[in-house]
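So you can see what is in the structure, the chains are spelled out below.
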Amino acid sequence: MRMPIFCSLFFVILPLFSQNGEKIQLIGSIESPDIKELSIMHFTNPFKDSEFNNSFFKDMSIKGNLCIEEIESKIPRVALLAAPGNRGMALFMTPGDSVSFVAKRNKEGRVFFEFSGKNASHYNYSFQKDRVVRNWPKLYRKGDDILLHKQTAKKYRDDQLDFLKDYSRQYSVSDEFYDYAEASINNRYIYDLYYPEASKQILNKDIPNGYFDENLRVTNSLSNLYITALWYLNMYNYSEDIYNNFDTVYSHIINDFEGNERDYLMSAMIGLFVSSNSQSYSKQLLNAIEMAPQYTQNEECLKYIEKAKMFYTLLGRPIPENILESTYLIEYNTKSKVALKEVLQKHEGKAVYIDFWASWCGPCKKDILESGEAKAYLKKKNIVYLYIGRKEELKNWANASEKYDITENQYMEIHSGKSPLGEYFKINSIPRYILLDKEHKVVNAKAPRPIPTQHHDLAKEINSLTLFSY
C-alpha cells in the first residue's frame with residue numbers, strides 16, 4: 001500500500017524539533033479521517049485524577065492530519081492519550097523522548113495508536129498488553145466465591161508479568177520503564193485482592209485464613225493505582241472500622257511508616273476522611289491537616305492536603321451568594337430559567353437533599369430506581385428532595401424525568417460544563433448528593449446515596465441535622 005503523504009512528513013518534520021533533553025515530543029498523524037479530536041492528560045504525581053487533584057484532558061492541536069505535542073519535563077511522566085468515546089491509552093514518558101504515532105481504528109471501530117521513534121517500545125506496550133492479556137477479573141460482588149476471585153486475580157497478574165518479560169526480551173525497554181510496568185501490575189493485584197473488603201462486599205472475619213498473600217509490596221509512585229494499593233495493603237487489615245478509629249489509624253501512619261510511604265498514606269487518609277464529610281472526627285481531622293507540614297516536606301502531598309482542606313471547610317457554611325445568583329437552572333414544569341437562589345428560597349426553613357444526575361448516567365438511573373425507601377424517609381423528616389440534571393440535552397432530561405416519575409422539584413443546570421455550583425462543590429462525577437440544613441448550610445458535600453445499602457449512613461446524617469453546629 002502506498003504510504004500517505006502526511007505519514008512521510010514525519011521524517012521531514014521530526015529533525016526540525018529541538019533535541020532538548022528536557023522536552024518530550026509527540027508528533028501524530030491521523031489515518032482515519034473520522035477521527036477529528038485527540039486529547040492528552042499527563043501527570044507527575046501518584047494522585048493523578050484523585051478527588052482533590054483533578055487532572056483534565058487537554059485537546060491536542062491538529063492541523064490537517066498532523067498533531068504535535070511538546071511537553072517540558074525534567075522528570076518522567078505518565079499520560080493518557082485518547083480520542084473521544086475511547087478508553088485512554090497509558091503512556092510512560094521520559095525527558096528526551098521523541099516519537100511519532102499514527103491514530104487508527106481497529107475492526108471493532110476503537111481508536112488505537114502505533115508509535116515509532118525514540119523509546120517507542122515504552123509507548124506501544126500498553127496497547128500490546130491489552131490486546132494479548134484479555135482475561136480482566138471482574139469486580140467482586142457480595143456472595144461471590146472469594147477464593148475463586150483471588151485465583152482469577154492472580155492468574156491475571158501472572159499473565160501480565162509473563163507478557164512484560166516476553167515484551168522486554170523482544171523490544172528494548174529501560175530499567176525505569178520495566179520497574180514502572182511491573183509495579184503497575186502488582187498494584188492492580190493488590191487492588192483486586194483487597195477490593196472485596198475495602199468495598200464492604202465481605203467482612204474481614206469472613207475471609208479465609210491465607211487469603212492475603214505475604215511479601216506484597218507497593219513501589220514506584222508513578223505506577224498505576226499506587227496510592228490505592230498502598231492504602232489497601234497497609235490499612236484494611238490494621239483496623240476493621242477505619243472511620244471510627246481516626247486516632248488509631250493516624251497514629252499508625254505517623255509512627256510506623258517513614259519517607260514517601262508515610263507522606264502518601266497520610267495524604268490518602270486525610271483525603272479519605274475529608275471525602276466522607278463526617279463531623280464525628282472534625283477536630284482530629286483539622287488538627288491532622290494543620291500538623292501535616294511537620295511530617296512531610298513532599299510538595300505534592302501538601303498541595304493535595306490543602307485542596308482537601310478547602311473542600312472540607314465548605315461544611316457548616318451557606319453556599320456563597322455569588323454562586324447562588326450565577327447558577328441558572330431550567331425548571332421542569334414551566335421550562336423557565338431560574339437562579340438557584342430563587343429555588344432555595346422556595347424551601348426556606350427546610351433541609352434540602354440535592355441529587356445531581358443525568359439521563360445518560362447508568363449509576364444515576366440505578367439510584368433513582370432504588371431510592372423509594374430513602375425518599376419516603378426524607379419526606380417523613382420534612383426534607384426536600386431536589387433533582388438537578390447535569391450536562392444534559394433538554395429533551396433527554398425531560399423524557400427521563402417523566403420516565404422515572406421524578407418531575408417534582410426537578411431542574412436542569414444551564415451550561416453545567418462550566419457551572420459555578422459544580423466548580424464550588426468540585427462535582428467531577430455523578431451521581432453526587434449534597435445535604436443542606438434548614439438554614440441551607442452545607443452538612444455534607446458528598447452525602448450518602450439514596451439506596452438501601454447506604455440507608456443507615458443517610459439516616460445517621462439526617463439525625464445529625466438537629467445537632468449540627470459550629
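It should be noted that the structure appears before, not after, this text.
Now for a quick tour of the structure. Because the structure is predicted, anything quoted here is derived from the model rather than measured. (Residues numbered from 1 in each chain as written. Predicted model: local features only at pLDDT ≥ 70, side-chain atom pairs only at ≥ 80, totals over all residues. Heavy atoms only, no water.)

The subject of this paragraph is the overall build of the protein. The secondary structure content of the protein amounts to 17 helices and 16 strands. On the principal axes, the C-alpha backbone points of the protein span a range of 70 × 55 × 45 Å. By the burial criterion, 52% of the 470 residues in the protein qualify as buried. Sequence separation of 24 or more characterises 67% of the internal contacts of the protein that already satisfy a separation of 6 or more. Here the protein displays about 24,000 Å² of accessible surface, and carbon together with sulfur accounts for 49% of that area. Here the protein holds 59 positive side-chain charges and 60 negative ones, and the gap between their average locations is 4 Å. (Helix = DSSP H or I, 4+ residues; strand = E, 2+ residues; numbered from the N terminus. Buried < 20%, exposed > 50% of the residue type's maximum accessible area, 1.4 Å probe, protein only. Contact = heavy atoms within 4.5 Å. Areas by Shrake-Rupley, 256 points an atom, 1.4 Å probe, with all protein chains shown as cover. Lys, Arg positive; Asp, Glu negative; His and termini not counted. Charge placed at Lys NZ, Arg CZ, Asp CG, Glu CD.)

Let's shift gears to the state of the cysteines. What makes a disulfide is a covalent bond joining the sulfur atoms belonging to two cysteines. As enumerated under the stated definition, the model contains one disulfide in all. Covalent S-S linkage joins C361 and C364, the inter-sulfur distance amounting to 2.3 Å. Across the disulfide from C361 to C364, rotation about the S-S bond amounts to roughly 80°, and the bridge is consequently right-handed. C364 sits in the buried class, given a relative accessible area of 1%. (Disulfide = S-S within 2.5 Å.)

Turning our attention to the environment of M266. With respect to the helices and strands, the residue M266 is situated in helix α8 (residues 259–276). The spatial distance from the C-alpha of M266 to the C-alpha of D34 is 46 Å, given a sequence separation of 232 residues. When residues no more than four places from it in sequence are discounted, the contact partners of M266 are Y250, I253, I254, A292, Y295 and T296.

Here we come to the pairing of strand β7 (residues 89–93). Consecutive residues of a regular strand have side chains that alternate between opposite faces of the sheet. Among the five residues in β7, five count as buried, and that is most of the element. Across the two faces of β7 the burial is the same, with M89, L91 and M93 and A90 and F92 all buried. Summarising the sheet, strand β6 (residues 77–82) and β7 pair through five bridges and their orientation is antiparallel. When the sheet's bridge partners are listed, V78 is paired in β7 with F92. The hairpin turn running from β6 into β7, its antiparallel successor, is six residues long, and G85 in that turn takes a positive phi close to 80°. (Pairing = 2+ DSSP bridges.)

Our next topic: the pairing of strand β2 (residues 39–43). For β2, the tally of buried residues reaches four of five residues, placing the bulk of the element in the interior. Here β2 runs beside strand β3 (residues 58–59); their pairing, made up of two bridges, is antiparallel. Residue pairing for β3: S39 is matched across the bridge by D59. Note that β2 and β6 share five bridges and pair antiparallel. Note that in β6 the partner of I40 across the bridge is L81.

As a further point, take the pattern of salt bridges. Inspection of every chain in the model, using the stated rule, returns 20 salt bridges. Salt-bridge contacts for D34 lead to R105; the nearest nitrogen and oxygen are separated by 2.9 Å. One end of the pair, D34, is in the loop between β1 (23–30) and β2; the other, R105, is in strand β8 (residues 98–105), with 71 residues separating them in the sequence. Looking at D34, the relative accessible area reads 45%, which means it is partly exposed. (Salt bridge = Lys/Arg side-chain N within 4 Å of Asp/Glu carboxyl O.)

Shape descriptors only; they carry no functional weight alone.
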